[in-house]
Amino acid sequence: MSFYKKFERYDECAPAGVLLPKINIESRYYKELGLRKNASNLNFLRALCWKNMQEYGLTKKDKGYLDRMTMELEILEELGFIDYILLNWEVLNFCKEKNIPTGPGRGSAAGSLVLFFLGVTKVDPIKYNLFFERFVSRSRAKKIKGKDGVIYLDGSLLADVDNDIAYDRRSEVINYINCLTIQLAA
């Protein structure tokens, strides 16, 4: 008897992927951006980027920044990453509001102008000639349709954001994420 014959085949597994949550943004942020509460998360993200772009002293005349931001938002939307980006913003925004020290952002995430405008990273990718495609690209991001009909993102190819958070305050952030996760699941 072969070693493998001792095992039963199990076909009910979910794919090896990630199901991203849908983010519900607090209404106070819509008010700050002059948006209606029913604005899509893409429109919220676009407005947030535009507001922060202006805070950096950039305008529509800064075509390189505007074109790059538009391109990144299109790709993030196409690949289903809008809520993922907003989740990272939500966590780093919590840290900012609670005066929890964070790092400048590391790795491929530093190539995202959107993440820079959100304050998730503190590195201007245009100034340093960093490529967005190192963070996420159409060719690397793969979607998997599960047997349940749900679309999952290939976890091994998911754009990752390295968030360095002060060691002595991480438990606060973990508790916040747990509460946020519970709210998202409800």
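That block above? That's the structure.
Residues numbered from 1 in each chain as written. Predicted model: local features only at pLDDT ≥ 70, side-chain atom pairs only at ≥ 80, totals over all residues. Heavy atoms only, no water.

### Here we look at the overall build of the protein
Step number 1: Check the secondary structure of the protein and you find six helices and three strands.
Step number 2: Going through the 186 residues of the protein one by one, you find that 40% of them count as buried.
Step number 3: Relative to all contacts within the protein whose residues are 6 or more apart in sequence, the contacts with residues 24 or more apart total 65%.
Step number 4: Of the roughly 11500 Å² of accessible surface on the protein, a fraction of 54% belongs to carbon and sulfur atoms. (Helix = DSSP H or I, 4+ residues; strand = E, 2+ residues; numbered from the N terminus. Buried < 20%, exposed > 50% of the residue type's maximum accessible area, 1.4 Å probe, protein only. Contact = heavy atoms within 4.5 Å. Areas by Shrake-Rupley, 256 points an atom, 1.4 Å probe, with all protein chains shown as cover.)

### Let's talk about the packing of helix 2 (residues 41-55) against helix 3 (residues 63-79)
The packing of two helices is summarised by the inter-axis angle and the distance between the axes.
Step number 1: Running from N to C, helix 2 and helix 3 cross one another at 160°; their axes reach a closest spacing of 11 Å. As summarised for this structure, helix 2 and helix 3 are arranged roughly antiparallel, according to the angle between their axes. Here the hand of the crossing between helix 2 and helix 3 comes out right-handed. Along the contact surface, helix 2 presents Leu42, Leu45, Arg46, Cys49, Trp50 and Met53, while helix 3 presents Tyr65, Leu66, Met69, Leu73 and Glu77.
Step number 2: Residues that form the contact of helix 2 with helix 3 fall into these classes: nine nonpolar, no polar and two charged. (Axes fitted to C-alpha atoms, helices over the stretch in contact; angles between N-to-C directions. Parallel < 35°, antiparallel > 145°, perpendicular 65-115°, else oblique. Left-handed = near helix turned anticlockwise from the far one by under 90°. Nonpolar A, V, L, I, M, F, W, Y, C, P; charged D, E, K, R; others polar.)

### So, the sheet that holds strand 2 (residues 143-145)
Step number 1: Pairing is antiparallel across the open sheet formed by three strands, whose spatial order is 1-3-2. On the outer flanks of this sheet lie strand 1 (17-18) and strand 2, each paired with one strand and no other.
Step number 2: Pairing of strand 2 with strand 3 (residues 151-154), which is carried by three bridges, proceeds in the antiparallel orientation. Looking at strand 3, one finds that Lys143 is bridged to Leu153. (Pairing = 2+ DSSP bridges.)

### Thoughts on the packing of aromatic side chains
Each aromatic ring pair is specified by the distance between its two centres and by the angle formed by the two planes.
Step number 1: Using the criterion set out here, one finds 10 aromatic pairs in the structure.
Step number 2: The interplanar angle of 35° and the centroid separation of 6.5 Å between the aromatic rings of Tyr65 and Phe117 together place this pair among those described as tilted. A residue pair is termed long-range when its members are at least 10 positions apart, and Tyr65 in helix 3 and Phe117 in helix 5 (residues 113-118) qualify at 52 residues. A single burial state applies to Tyr65 and to Phe117, both of which are buried.
Step number 3: Taken together, Tyr29, Tyr30, Phe44 and Trp89 form an aromatic cluster joined through their ring pairs.
Step number 4: Above the face of the Trp50 ring, Lys60 is positioned so that its terminal group lies 5.7 Å from the ring centre. (Phe/Tyr/Trp six-rings, centres within 6.5 Å; stacked < 30°, edge-to-face > 60°. Lys NZ or Arg CZ within 6 Å of the ring centre and 35° of its normal.)

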